Amino acid sequence: TVGEVLASHSDFMGTPRRYFFHLLSFYCDDPVQKERLEEFSSVEGRDDLYSYCQKQRRTYLEVFRDFPAARPPLSALLDLIPPIRPREYSISSSPSAHPSRVHITASIVAYTSKTLMLRHGVCTSFLKQRAEDGGPVPCWVRKGALRLP
């Protein structure tokens, strides 16, 4: 479904930048909300944007919740929300102990934000779900930068 594609490829849990608010204002029908979005995207609104978004680590989803009159079409939504970036983890197993397997170590990220929303790590939640249901995990191995003496 469209929702599954958006959820698995778009970084809705990321923190929006100033230009996002500028673009979002074009899709806002409410004059008060539109003015606020335009203010956040202006140079003069820089401090307000910092307090609202960066300091609180507000996500794209929270912005859409706070500005319900801003309803971009699907085609614009795909341009407004950046794609999920790949996560890199270090291998935590030894090739001598596990020659045909690779193990990673990760902490499951889950907490309540300053805006009182429950947050989950994008990748660690995915890894936890895959560990529970036994599903595949797409991965690759990349040569590391660490050189042993």
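Reading guide: rules and limits
Residues numbered from 1 in each chain as written. Predicted model: local features only at pLDDT ≥ 70, side-chain atom pairs only at ≥ 80, totals over all residues. Heavy atoms only, no water. 1 Å grid on protein atoms, 1.4 Å probe; cavity = no way out; pocket = protein on both sides within 12 Å on 5 of 7 lines; lining within 4 Å. Points joined across faces, edges and corners; volume = space filled by probe spheres on them. Helix = DSSP H or I, 4+ residues; strand = E, 2+ residues; numbered from the N terminus. Nonpolar A, V, L, I, M, F, W, Y, C, P; charged D, E, K, R; others polar. Buried < 20%, exposed > 50% of the residue type's maximum accessible area, 1.4 Å probe, protein only. Contact = heavy atoms within 4.5 Å. Phe/Tyr/Trp six-rings, centres within 6.5 Å; stacked < 30°, edge-to-face > 60°.

Caption draft 1: Quick peek at the layout of surface pockets. Here the largest pocket is characterised by a volume of approximately 1,600 Å³. If you go around the largest pocket, you meet 44 residues; those closest to its centre are Arg-87, Tyr-89, Cys-123, Leu-127 and Pro-138. At the level of secondary structure, the elements contributing two or more residues to the lining of the largest pocket comprise α1 (2–9), β2 (118–120) and α7 (122–133). Of all the elements, α7 adds the most residues to the lining of the largest pocket, at five residues. Here the residues of the lining of the largest pocket are counted per class, giving 25 nonpolar, eleven polar and eight charged. Size it by volume and the second largest pocket reaches roughly 490 Å³. Lining the second largest pocket are 22 residues, with Asp-11, Met-13, Gly-14, Arg-57 and Arg-87 positioned closest to its centre.

Caption draft 2: A look at the environment of Arg-65. With respect to the helices and strands, Arg-65 occurs in helix α5 (residues 60–66). Residue class for Arg-65 comes out partly exposed when judged on its relative accessible area of 41%. Taking C-alpha positions, Arg-65 is 26 Å from Gln-129, a pair spaced 64 residues apart along the chain. Setting aside anything within four residues of it in sequence, one finds Arg-65 in contact with Arg-58 and Met-117.

Caption draft 3: View of the packing of aromatic side chains. With the rule as written, the count across this model stands at eight aromatic pairs. Judged by centre distance (6.4 Å) and plane angle (85°), the rings of Phe-40 and Phe-67 are edge-to-face. Remark: Phe-67 occurs in the loop between α5 and α6 (74–80) and Phe-40 occurs in helix α3 (residues 31–40); sequence separation between them is 27 residues. Each member of the pair, Phe-40 as well as Phe-67, carries the same accessibility label: buried. Between Tyr-52 and Phe-67, the ring centres sit 6.1 Å apart and the planes meet at 80°, which makes this aromatic pair edge-to-face. Of this pair, Tyr-52 sits in helix α4 (residues 46–54) while Phe-67 sits in the loop between α5 and α6, and the two are 15 residues apart along the sequence. A connected cluster of aromatic rings, assembled from ring pairs, spans Phe-20, Phe-21, Phe-40, Tyr-52, Tyr-60, Phe-64 and Phe-67.

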